[in-house]
Every structure is written in C-alpha cells, then in structure tokens.
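# Commentary on secondary and tertiary structure
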Amino acid sequence: MEPLMTTPRFWDAEQVVLCSDPAVGLRAVFVIDDTRRGPGLGGIRFRSYPDDLAGIDECRRLAAGMTLKNAIAELPFGGAKAVIFDRGPLPDRRAAMRRFGEFVARAGGSYLPGVDMGTTVDDLAMVGEGGAVVSCSAIDPSEWTARGVCAAIRAVVEHVDGSADLDGVRVLIQGAGHVGRPLAASLADDGAAILVAAGAGRRAHRLAERVGGAAVDPGEALSTPCDVLVPCAAAGLIGPATIPELGCRMIAGAANDTLAGARADLLLAER
C-alpha cells in the first residue's frame, strides 16, 4: 500500500485535516472537498472503523458527495465532511467535541459542520463552543431529510407502479436513527407496511412496534422481499457483492454514498 498522503485519491480534495488530542480521547479528520461555491458544508460522523485509513477514505468520499449534492440543490456551499473515530467511550464527550471545534475553527470558516451519523445537536453546540461556526446546534435537521426521502419514495413508486399511493407498499428501512425514526412514522401514516433493520439492540424492534411494523435481522435486510429498500445508515451498501441478493424492486434512501464500486449503477440498471 502506498503511504497515506501520497495516495492520489487523497489529493483530490482541497484539504485533508487530521486532528488528535489524546488528553480528551480525540482522533478525527475533516475533509474540505471543494469551496468554489462557498464554504464546505457537511456533517460530523462519529463511528468506528476497521482502521484509520478506512475512516479517512470514507470521509473523503462523503465530502466529495456533499460537493455534488450542494451544487445540484444550487446551494451557496461547497462540500466537506468530518469523522470522529469511535474507539470506545470518550472520557468527556463534551470536552472532546469542544476540542474538535477548536480544530475546525482553525480552518477559518471554510468548513461548516452539521449533524450526521452518531452525532447530535448537543454535540454540535459543543463544537460551536470550541469556536467553530456550525450549521445546526439547536434543531436536528433529520426530520427534513426524512421528508425529502418520503418525497423520493413517492416519486419512485409512482414511476414504477404508476401511482404515488403508498397504501400497502412494503418498505424496508435500514437504520433506526435520526432519519429512520421520523421516516418510518411518516410512511406508516401514509399506509405503508414498515420493516425495520438496525443493529443497535432492540432499537429496531421498538421502532417497528411503534409504527405497527416488523423488525428484520440486519444480516437479512438486503435479501428480504420488499417493494422499496431505504438505506438510512452506513455508506457503501449497494455494490457488486450485494446487488445479486437484493430482494427489493426499488431503492430510495438517506444514506450518503449508497453505491459501492464504480460499476454499481450499471449493475443496478441491468437488474
């Protein structure tokens, strides 16, 4: 393997910033992909990875995705992303988030962080206390993300089946977090039959019970027969290794960077 910072893909971004403070248990990275439209906007992800390189690479890919998403939406922002590595319980989470905010503040406003997988508005408030300008520190934007996914699901169902009516449509939501919870409730109100797959203890079961649906083993989520698969958790879910086993007819989700591998779109088209 080439040394980390001479690997060409890491030079695609404008900045890759590594952050470390052992005193508060912080190890993090933020990537500013492109600021031609404005400061890079993108969430802070708190997650464990097989190794540091995997986390840095995901951060880079997600930052590049944010550049495209913000441009498509004609927002005055570029793309960026951050990963705080989950290496076990933090001795003081608030102190770690404030310290990360100090690192972000050094970027001079070129990165505007927000909520992402594993972080909350309370975390972002602490990042703001560290001196960073943050995009959300009081209101969780996930409900608006869920509304957007609902609109996408109606659109794809209408495109495939000729009607946007969700009554009886079998929807499998992979992830029961920030977006999965309000999304499941909204879809159930529209008459959809909800399946929930999540790996965090009984969270999927509780959400399924709340909306009158059923829980699915996370290991069987992709192969479970359904009308719409809704990835709302980790990236890179749909790729050459998983596309042959898909049990869904449609895919519409909130997860960033859902496709894995350069040929994933072509393989889906063949399906």
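Being a predicted model, the structure only gives us computed values, none of them experimental.

## Concerning the sheet that holds strand 1 (residues 15-21)
Pairing in this open sheet of five strands is mixed, and the strands run 1-2-4-3-5 from one edge to the other. Edge positions in the open sheet fall to strand 1 and strand 5 (111-115), since each of these has one partner strand only. Between one strand axis and the next, the sheet turns through 20° on average, direction left out of account. Bridge analysis of strand 2 (residues 26-34) against strand 4 (residues 78-85) gives six bridges, and the strand direction is antiparallel. Residue pairing in the sheet places Val-31 in a bridge with Lys-81 of strand 4. Packing of helix 2 (residues 93-105) onto the sheet brings it into contact with strand 1, strand 2, strand 3 (40-47), strand 4 and strand 5, and relative to strand 2 it is tilted by some 35°.

## Considering the packing of aromatic side chains
Scanning all chains against the criterion turns up three aromatic pairs. Taking the centre distance of 6.2 Å and the plane angle of 85° together, the rings of Phe-30 and Phe-100 count as edge-to-face. Of the two residues, Phe-30 is situated in strand 2 and Phe-100 in helix 2; the sequence distance between them amounts to 70 residues. For the residue pair Phe-30 and Phe-100, the accessibility class agrees, reading buried in each case. Taken together, a centroid distance of 5.7 Å and an interplanar angle of 65° make the contact between Tyr-49 and Phe-85 edge-to-face. Of this pair, Tyr-49 sits in the loop between strand 3 and helix 1 (52-72) while Phe-85 is found in strand 4, placing the two residues 36 residues apart along the sequence. For the residue pair Tyr-49 and Phe-85, the accessibility class agrees, reading buried in each case. Joined through ring pairs, the aromatic side chains of Phe-30, Phe-100 and Tyr-111 make up one cluster. Between the NZ or CZ atom of Arg-93 and the centre of the ring of Phe-46, over which it lies, the distance is 4.7 Å.

## Considerations on the side chain of Asp-34
One can find Asp-34 in strand 2. At a separation of 2.6 Å, a polar atom in the side chain of Asp-34 contacts the side chain of Arg-36. The contact partners of Asp-34, leaving out residues within four places of it in the chain, are Glu-14, Thr-67, Gly-78 and Gly-79.

## Let's talk about helix 1
If you check helix 1, its first and last C-alpha atoms are 31 Å apart, about what 21 residues at 1.5 Å a residue would give, namely 30 Å. For helix 1, the set of buried residues is Gly-55, Ile-56, Asp-57, Glu-58, Cys-59, Arg-60, Leu-62, Ala-63, Met-66, Thr-67 and Asn-70. Here the buried face of helix 1 lies against strand 1, strand 2, strand 3 and strand 4. Of the residues that open helix 1, the one with a side-chain oxygen 3.1 Å from the backbone nitrogen of Leu-53 is Asp-51. Where helix 1 ends, the next residue or the one after it, Glu-74, has phi of about 55°, a positive value.

## Side note on the nonpolar core
Counting residues in hydrophobic clusters, the biggest one holds 27 residues, and the most contacted among them are Ile-153, Leu-183 and Leu-187. Mapped onto this core, the elements with two or more residues apiece are helix 4 (142-161), strand 6 (170-174), helix 5 (180-189), strand 7 (193-197), helix 6 (203-210) and strand 9 (228-231). Broken down by element, the residue count for this core peaks at five residues, all from helix 4. Residues within four places of Leu-187 in sequence aside, it is in contact with Cys-150, Ile-153, Leu-166, Val-171, Ile-173, Ala-192 and Ile-194.

## Section: the pattern of salt bridges
Here the structure, examined in full by the defined rule, presents 18 salt bridges. Two residues, Glu-58 and Arg-61, come together in a salt bridge whose shortest N-O distance is 3.9 Å. Of the two residues, Glu-58 and Arg-61 both sit in helix 1, three residues apart, roughly one turn of that helix. What makes Arg-61 partly exposed here is its relative accessible area of 28%. Ionic pairing is found between Arg-98 and Glu-129, a salt bridge with its closest N-O pair at 3.7 Å. Taken together, the residues span a long stretch of sequence, with Arg-98 in helix 2 and Glu-129 in helix 3 (residues 121-129) at a distance of 31 residues. By relative accessible area, which is 51% here, Glu-129 ends up exposed. If you follow the salt bridges from partner to partner, you end up with Arg-45, Arg-47, Asp-57, Glu-58, Arg-60, Arg-61, Lys-81 and Asp-116 in one network.

Parameters at a glance
- Residue positions are given per chain, counting from 1 as you read along its sequence in written order.
- Local features in this predicted model are restricted to residues of pLDDT 70 or higher, and side-chain atom pairs are both shown and tallied only at a pLDDT of 80 or more, whereas totals for entire chains, interfaces and linings draw on every residue.
- In computing side-chain properties, one takes all heavy atoms of the structure into account and sets aside hydrogens as well as water.
- When DSSP finds two or more bridges between two strands, those strands count as paired.
- Segments assigned H or I by DSSP are reported as helices when at least four residues long, segments assigned E as strands when at least two residues long, and all are numbered from the N terminus.
- The axes used here are C-alpha line fits, helices contributing only the stretch in contact, and every angle between their N-to-C directions lies in the interval 0 to 180 degrees.
- We call two residues contacting when some pair of their heavy atoms lies within 4.5 Å.
- Put simply, two rings from Phe, Tyr or Trp (the six-membered ring, in Trp's case) pair if the centres are within 6.5 Å, and we call them stacked under 30 degrees between planes, edge-to-face over 60, tilted for the rest.
- Burial classes follow relative accessibility: with a 1.4 Å probe on protein chains only, a residue under 20% of its type's maximum area counts as buried, one over 50% as exposed, and anything between as partly exposed.
- Placement of a positive charge over a ring is assigned whenever Lys NZ or Arg CZ falls within 6 Å of the ring centre and within 35 degrees of the normal to the ring plane.
- Any pair of N or O atoms that falls within 3.5 Å is considered a polar contact. Within protein, one atom must be able to donate a hydrogen and the other to accept it, and sequence-neighbouring residues count only if both atoms are side-chain atoms.
- To estimate how far a helix should reach, multiply one less than its number of residues by 1.5 Å.
- Grouping buried Ala, Val, Leu, Ile, Met, Phe, Trp, Tyr and Cys residues that are joined through side-chain atoms within 4.5 Å yields what is termed a nonpolar core.
- Salt bridges are defined as contacts in which a side-chain nitrogen from Lys or Arg sits within 4 Å of a carboxyl oxygen from Asp or Glu.

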